[in-house]
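# Summary of the model geometry
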Number of protein chains: 2
Amino acid sequence: MIDDTRQRLIDAAGAIFSEKGYEAASVRDICQQASANIAAVNYHFGDKKSLYVAAVRHAQSCADSENPEVVWPAEMPPAERLREFIRTMLERKLDTSKPHWHLGIMLREMAHPTEACAAVVEDYVRPMANGLREILRDLLGQDYPEDQGNLIGFSIVGQVLFYYIHQPIIRLLIGNEAYDKLTVQTLADQITNFSLAGMGLGPAPGHAAAAVPVQSEATS
Amino acid sequence: MIDDTRQRLIDAAGAIFSEKGYEAASVRDICQQASANIAAVNYHFGDKKSLYVAAVRHAQSCADSENPEVVWPAEMPPAERLREFIRTMLERKLDTSKPHWHLGIMLREMAHPTEACAAVVEDYVRPMANGLREILRDLLGQDYPEDQGNLIGFSIVGQVLFYYIHQPIIRLLIGNEAYDKLTVQTLADQITNFSLAGMGLGPAPGHAAAAVPVQSEATS
DNA sequence: ATCTAATTCAAACAAACGTTTGATTCGGGT
DNA sequence: ACCCGAATCAAACGTTTGTTTGAATTAGAT
């Protein structure tokens, strides 16, 4: 019970910082939401910035649920591995429970790249790209040109990240009610079937979907 | 020359808003960088928020300096209209001559949407989406489900915007020399062929396709 | 030259910000 | 009971914010 207000401050700070950003979030609002005095943040953390880094660290330590690599069954056909790859990536990116500032930090790094960008690429993006490259090699064959394979990988990942980054625009474009009807499985199937056909491989095997166009599946 | 300070204010505001965010950017800094008086923002735009909205709108609208929508020859087949659509969008987005903060301020709007997002959608995104929808309707037929058409549009636009947004990651992933060999025409053909095949309307991009850089653009 | 409207300027406005202060309350050790 | 440090509180601190004001300046038309 001693450090109760300290923890409440971290929780409230994470919520408000992620919602309004660092500058827009005020210490008064955080303390009010934490049912703490205004001077509590200065007593427990020193200043506003120290509270922010404490909240970021806490959120990061709590968000270790994402596993860096996913292992597929060896006998799974490559088309289904691609579907799982896309579905898993969508699931992680569109997970509404994870803190919202992940997107903000990443987009800021895209606009103003720092050395952190290279670290993220080597730690996270490169392994994921290699995993996708393996799937594409099994799909397209060993002799497929590497440059073409890269472009196809970009086309696939670009489709996924579009729903992650441009969510506000999509909501405004098709309406909130239409957006909320979209499910991860729907998008994963759309992107997978579209991409498989884009590679000239037709819809995924085992599905009774029509041959050429992506027909409407069962809409939830 | 009359509205010179107004334009200087928009440019300075875009740069500072993109770098520091809306709340952290002060109108004093903006006016100082624009060599304008502090009251200029209030005189020309009313308040800080209106200046921000003007900067965001400018970031999207100055790409198409002439017309929000491009008119195609009526006899042009829909597949080639799609190719031109993709090539034009790529050309506008990857134009290296346009200011650096256009991407930054847009990505910040994606992370923390404000009323400027809705303004951009109505002024710029919605007409472009309607233009793409017309092309897709000609490609897929009148009776194609609207929801499915939206998803296909998202898949196409997502591929284009990937190269716009994630340029730092692509450079780190495939190397600068490989990235600099990419041309707008190469990417446009890749995305167009991939997407046409994804809709079941054309051959998949093959190995021997004309993937060689055709022309070198002016690089700064 | 004179008038008029548009534009720029320095100065000050009230409000909100992060931070600090000093008194007050609470709990366990002596 | 006494004391001491931890913790919380209301109030005020000085600074910076966005915004407003009214005079000064400019440019064009009469």
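Residues numbered from 1 in each chain as written. Chains lettered and ligands numbered in written order. Predicted model: local features only at pLDDT ≥ 70, side-chain atom pairs only at ≥ 80, totals over all residues. Heavy atoms only, no water.

Okay, the interface of chain A and chain B next. Taken residue by residue, the interface counts 60 residues in chain A and 57 residues in chain B. The junction of chain A with chain B conceals about 5,100 Å² of combined surface from both sides, 72% of it contributed by carbon and sulfur atoms. Area buried by chain A at its contact with chain B is led by F154(A), L173(A) and F194(A), which between them contribute 14% of it. Applying the counting rule to chain A against chain B returns zero salt bridges. Connecting chain A to chain B are nine residue pairs in polar contact (both at pLDDT 80 or more). Elements with a contribution of two residues or more to the side of chain A that touches chain B: helix 1 (4-20), helix 6 (101-111), helix 7 (115-140), helix 8 (146-165), helix 9 (167-174) and helix 11 (184-198) of chain A. Ranked by residues supplied to the side of chain A that touches chain B, first place goes to helix 8 of chain A with 14 residues. (Contact = heavy atoms within 4.5 Å. Buried area = accessible area lost by both parts, 1.4 Å probe. Salt bridge = Lys/Arg side-chain N within 4 Å of Asp/Glu carboxyl O. Polar contact = N/O pair within 3.5 Å; in protein donor to acceptor, adjacent residues only side chain to side chain. Helix = DSSP H or I, 4+ residues; strand = E, 2+ residues; numbered from the N terminus.)

Once that is clear, we can look at the environment of Q185(A). Note on placement: Q185(A) falls in helix 11. With 140 residues separating them along the chain, Q185(A) and F45(A) place their C-alpha atoms 43 Å apart.

Here we come to the domain arrangement of chain A. The domains assigned to chain A are domain 1 (5-57) and domain 2 (61-198). If you average the C-alpha positions of domain 1 of chain A and of domain 2 of chain A, the two centres end up 33 Å apart. (Domains from an automatic or database assignment.)

Residue and element names in this part refer to chain B. Interaxial distance between helix 1 (residues 4-20) and helix 6 (residues 101-111) falls to 8 Å at its minimum, and their mutual angle equals 55°. Of the possible angle classes, the one that applies to helix 1 and helix 6 is oblique. Where helix 1 crosses over helix 6, the two elements pack in a sense that is left-handed. Each of I10, D11, G14, A15, F17, S18, E19 and K20 in helix 1 lies in contact with helix 6, whose residues at this interface are W101, G104, I105 and R108. (Axes fitted to C-alpha atoms, helices over the stretch in contact; angles between N-to-C directions. Parallel < 35°, antiparallel > 145°, perpendicular 65-115°, else oblique. Left-handed = near helix turned anticlockwise from the far one by under 90°.)

This part takes up the protein's contact with DNA strand D. As a structural note, the neighbourhood of DNA strand D is formed by 18 residues, with T5(A), H44(A), R28(B), D47(B) and K48(B) the closest of them. The share of sugar and phosphate among atoms of DNA strand D within 4 Å of the protein is 52%. Y43(A) places a polar side-chain atom, nitrogen or oxygen, 2.9 Å from a phosphate oxygen of DNA strand D. Contact between DNA strand D and N42(B): a phosphate oxygen at 3.0 Å from a side-chain N or O atom of the residue. Taken together, the elements giving at least two residues each to the surface near DNA strand D come down to helix 3 (40-45) of chain A together with helix 2 (27-33) of chain B. Among the residues forming the surface near DNA strand D, the class breakdown is eight nonpolar, five polar and five charged. (Near = heavy atom within 4 Å. Nonpolar A, V, L, I, M, F, W, Y, C, P; charged D, E, K, R; others polar.)

One finds M199(A) and M199(B) to be the most contacted residues of the largest nonpolar core, which totals 110 residues. For this core, the leading source of residues is helix 7 (residues 115-140) of chain B, giving 13 residues. (Core = buried A, V, L, I, M, F, W, Y, C linked by side-chain atoms within 4.5 Å. Buried < 20%, exposed > 50% of the residue type's maximum accessible area, 1.4 Å probe, protein only.)

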